[in-house]
Amino acid sequence: MKLYKKEGNIVQILSFPNETVEKGDYLLIEDGDIGKGLIVQVIDVQFANIPGILEELLRSLPDGGELIQGEDFDPLEIAPHITYIQDARLLRCKIRATMNNESLSPNSSWLPSRSQSSIKKLPIPTLLKMAKTTGKLPIVLGGTKDSMLLTIDASSVDGRLNIVTGKKETGKSHLSKLLMLNLIRYGAIVVVFDLNGEYTSLGMTSDGKRNAYHNKIHVLAPSQNFKVLLKQLHLHVLLSILIHALHLPGTSAREFRTIWRTLKQKDNLTLHELGEAIRNSRCNHHVRDALFSRYYALLNSRFFTDNVAEAMLLKESLLKAKNQGGAIIINLRNTSSIDRQIVVEYVLGKLVELLTSWKLKAVFLFAEEAHLYLRETYWDDIVTRMRHLGIFTTFITNQPNTIRENIYRQADNIFLFNFTNERDLEAVSRAARVDAETVKSIATDLPPRHCLVLGKVVKDFPMVVKVKALDIKTMGETRLFFKDMN
Amino acid sequence: MLIKQLAITTTPKYSFPQPTIDTSLPQRFIELSIHSLKHAQNQPFQLNQQFFQQNSSEEIQTTRTTLQPIPLKPRLKETMVAAVDTSSIKIGETTKGMVIAVRGATIWKHKRHYRYMRFGPFIFHVTEENKKQVYNALQRTYLNSPHEHNHNGSPSLLQMPTRIASLLERWQQTMLSKTVNNGLILFDGSLTSGINDTPTQRIKEILDNARKKQNVVLAFSKMTTLRFNGYLITDIPVKHKPPYLFKITGLKPKPPIILLGDVYVAKLTKGNYAFRLDIDKQVLTEQKIEALEKLLGNDLFSQSYPETLRLAHILCTFTANEVIAMQHFITRKYNLKIINRPDMHKLLFGPFGKGETCS
């Protein structure tokens, strides 16, 4: 390989056919004279612009588009040299860091010698070792192209905002499960908003047996095994549900607050009593109608109950998980859009309550397709206020444009799977830790289950990894009409 | 059939046409190529991509033309069309001389398909010291006589690429004239002999061999210096619908130049392109016309030029990519050190110096 050109932070390297370099690979351009090296990443592989190549190709196809047949008597065996030159490649590489005495710095203000520098592939483990990505809490994400393991540290997702995105069926949920199980392994509390019921069998192996995580996975299905007593609720949580999920106007909310306080003073906070109190309220009949419609929405969700035996204490599950690590899977699969919002409002409200009172240290929240249940104001809340309280969110989506730009801008880690649509990639490119060129060039060529990891987990050295397989029962498979016929 | 006669036995390294073809010349090419390159080993090497143009310096006076166009009608009777061309290029300089490459291509069209055989590239390191030895050795091998020498002495260093290419071309022409039956053999250039690289005896032999096998040799010149009434013969306006040809008569070449063909101007397709066409003098006029009509019926034409000959030219010409590959080969295999000798034009005249190749 030979250093050819540098423009901005792009380096062009001439590579020959016997040197196998692919997109995503790291190269070290070492200038021995000054004892420094430039670490670059291949973001595109092109054919080198060889003079005369067009003539070469044209003359091989003069016979009506068919290859002209013939024999070459080439005694000096020049032909291999011709193909060697013809197949020369130009590697477009992005400068990632400077290596100086085994230490890395983001400095790229110097230029290695074009004639004297040596260029070699930099193995991923060597780079990771230099970048010090691994710590005491290793998480093996999978294998790199050169069959090396890519290991990150769990602490690099701690306190961070993460995004897992990619086309359908590329392996987003699989990676999320991998991250989640490893976090649980290290004693973390994980809460999952499971839109399609994909995470419900995390505690089972692929053949249906219990795995090591079985006792740490708590699946809560709203209106089934997940119901709450009104008594368990704080007024502000219920008001959040009424205002944000059920769009209760301000005046009606004020009336509701009065009714609630009255019932609480009487220690009579039940669904039945709440309904009666609204009915007997002396407020404006429009307000009463508004309150009634919300009351019936709460009732119909079957998420609330007056039966103490039916009620489930989320707090207890979370505190149980606190001791040994565990995941609370909120299965939203069979929940309607409004009910979903009610449940999410309740769970987030409860989490904030427990975190504010320091009953919980921190929670890792995994939110699948969050735009379907997260209210507008929560987006900003999650990246600012809730993060400081200890809710560290991972958004998982196949529609990257549904995540707001400010979320991307503040994302610490992005796990990017294949996208072919340029608009999707444009959305992801807005992330502050990503350069658009790398994303667009590498993500479009990622095979299924391969992920481009960007951000703090890899110390800003974008890496392509084939996410390792997990021995867990697969859920959330698409229902197929012709499945049995094949 | 040519394909059958050019039976190939593949050896691990070389595949020579066998057995009716005299392969001593290409063998000699290889020997001298390798020998000359070995003597260039470890020398500094100045890259150069200057192409050589073969300039004919025919001194022929034109006095008459019939200006009577002979109309042509394509004959579709299946006839093999074969063509030969060679190319040479200087690929760099050394302290003692230069490194050149030569390649030849033979094309034949049979049953609507083109086939080719390429010879080379042969790479030579030619110096003032070895040029005579190299050229004479090749010439002796080609002429198949240990005594027959070039009476004009060895060519100058600058003439070496074209002269070596000419030797290869003559050998290819000889092989075709001996192997093709009832066909049309197309040469690039004229049938003028007596100049340094066109020995009369050899051209005569080629034409004799071709005739014995009922072939007709047609030589197309891309450029001509022959003029009539001040016009280039290919520019003479003729009011006739192509395809046609008209004969140029009264040509008086200065000795030792001899015309072994009758000279015509052929305009074979619509458009502004006409070519000087030399057809073997010993062939009857009717046969000449018939040959050209067969060519019209058996080959494709673009801008009045036969496709077979065009392909021969295309396949032997060196592309820039190949030049780089050959430079790569000699620097790797013979460890020639590449040097960048300054271009004196650019050095002296700055932006006004356009480089030596354009001077």
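Our subject in this report is the structure included herewith. Just so you know, these numbers come straight off a predicted model, no measurement behind them. (Residues numbered from 1 in each chain as written. Chains lettered and ligands numbered in written order. Predicted model: local features only at pLDDT ≥ 70, side-chain atom pairs only at ≥ 80, totals over all residues. Heavy atoms only, no water.)

1. A few points about the packing of helix α14 (residues 422-429) of chain A against helix α15 (residues 436-443) of chain A
Residues and elements named next belong to chain A. The geometry of α14 relative to α15 is characterised by a closest axis approach of 9 Å and an angle of 140 degrees between their N-to-C directions. Like other packed secondary-structure pairs, α14 and α15 cross with a definite hand, here right-handed. Along the contact surface, α14 presents Leu425, Glu426 and Ser429, while α15 presents Ala436, Val439, Lys440 and Ala443. Across the contact of α14 with α15, the residue classes break down as four nonpolar, one polar and two charged. (Axes fitted to C-alpha atoms, helices over the stretch in contact; angles between N-to-C directions. Helix = DSSP H or I, 4+ residues; strand = E, 2+ residues; numbered from the N terminus. Left-handed = near helix turned anticlockwise from the far one by under 90°. Contact = heavy atoms within 4.5 Å. Nonpolar A, V, L, I, M, F, W, Y, C, P; charged D, E, K, R; others polar.)

2. Examining the interface of chain A and chain B
With 26 residues of chain A at the contact, the number on the chain B side is 36 residues. Buried area between chain A and chain B, both sides added, is near 2900 Å², and the carbon and sulfur share of it is 62%. Contact with chain B buries area across many residues of chain A, yet A:Arg59, A:Phe73 and A:Leu76 alone supply 29% of it, more than any other trio. At the level of secondary structure, the elements contributing two or more residues to the side of chain A that touches chain B comprise α1 (53-59), β5 (69-73) and α2 (79-86) of chain A. Looking at the side of chain A that touches chain B residue by residue, the class counts come to 12 nonpolar, five polar and nine charged. Of the strand pairs in this sheet, β5(A) and strand β9 (residues 113-127) of chain B are connected by five bridges, and their pairing is parallel. (Buried area = accessible area lost by both parts, 1.4 Å probe. Pairing = 2+ DSSP bridges.)

3. Some words on a nonpolar patch on the surface
A grouping of B:Met344, B:Leu347, B:Leu348, B:Phe349 and B:Phe352 is seen on the molecular surface, where their side chains present a nonpolar patch of about 600 Å² in accessible area. Residue placement: B:Leu347 occurs in helix α9 (residues 344-349). (Patch = residues over 30% accessible without salt bridge, like charges linked within 9 Å, V, L, I, M, F, W, Y side chains within 5 Å. Areas by Shrake-Rupley, 256 points an atom, 1.4 Å probe, with all protein chains shown as cover. Salt bridge = Lys/Arg side-chain N within 4 Å of Asp/Glu carboxyl O.)

4. Let's talk about the packing of aromatic side chains
Residues and elements named next belong to chain A. What the rule picks out here adds up to 18 aromatic pairs over all chains. Here Phe256 and Trp260 contribute two aromatic rings whose centre-to-centre distance is 6.1 Å and whose plane-to-plane angle is 35 degrees, an arrangement assigned as tilted. In this pair, Phe256 and Trp260 both sit in helix α6 (residues 250-265), four residues apart, roughly one turn of the helix. In this pair, the class of Phe256 matches that of Trp260, namely buried. Taking the centre distance of 5.6 Å and the plane angle of 15 degrees together, the rings of Phe292 and Tyr296 count as stacked. With Phe292 and Tyr296 both in helix α8 (residues 285-301), this residue pair falls four residues apart, about one helical turn. The exposure class assigned to Tyr296 is partly exposed, which follows from its relative accessible area of 36%. The side chain of Lys177 reaches across the aromatic face of Tyr199, ending 5.5 Å from its centre. (Phe/Tyr/Trp six-rings, centres within 6.5 Å; stacked < 30°, edge-to-face > 60°. Buried < 20%, exposed > 50% of the residue type's maximum accessible area, 1.4 Å probe, protein only. Lys NZ or Arg CZ within 6 Å of the ring centre and 35° of its normal.)

5. Overview of the pairing of strand β6 (residues 89-100) of chain A
All names here are of chain A. Most of β6 is tucked away: 10 of the 12 residues are buried. Two elements, strand β2 (residues 10-15) and β6, share six bridges in a ladder whose sense is antiparallel. Within β6, the position partnered with Gln12 by the bridge is Arg92. Sheet topology places strand β4 (residues 36-47) next to β6; 11 bridges connect them, and they run antiparallel. Within β6, the position partnered with Val45 by the bridge is Leu91. Examined bridge by bridge, β6 and strand β7 (residues 103-105) share three bridges and lie antiparallel to one another. Each residue of the ladder has a partner; that of Thr98, found in β7, is Ser105.

6. Describing the packing of helix α2 (residues 24-38) of chain B against helix α4 (residues 160-179) of chain B
Residue and element names in this part refer to chain B. Packing of α2 against α4 leaves a shortest axis separation of 10 Å and a crossing angle of 155 degrees. On the basis of the axis angle, α2 is roughly antiparallel to α4. Crossing angle aside, the handedness with which α2 passes α4 is left-handed. Of the residues in α4, those in contact with Leu25, Pro26 and Phe29 of α2 are Ile164, Leu167, Leu168 and Trp171. The residue inventory of the contact of α2 with α4, partitioned by class, reads seven nonpolar, no polar and no charged. (Parallel < 35°, antiparallel > 145°, perpendicular 65-115°, else oblique.)

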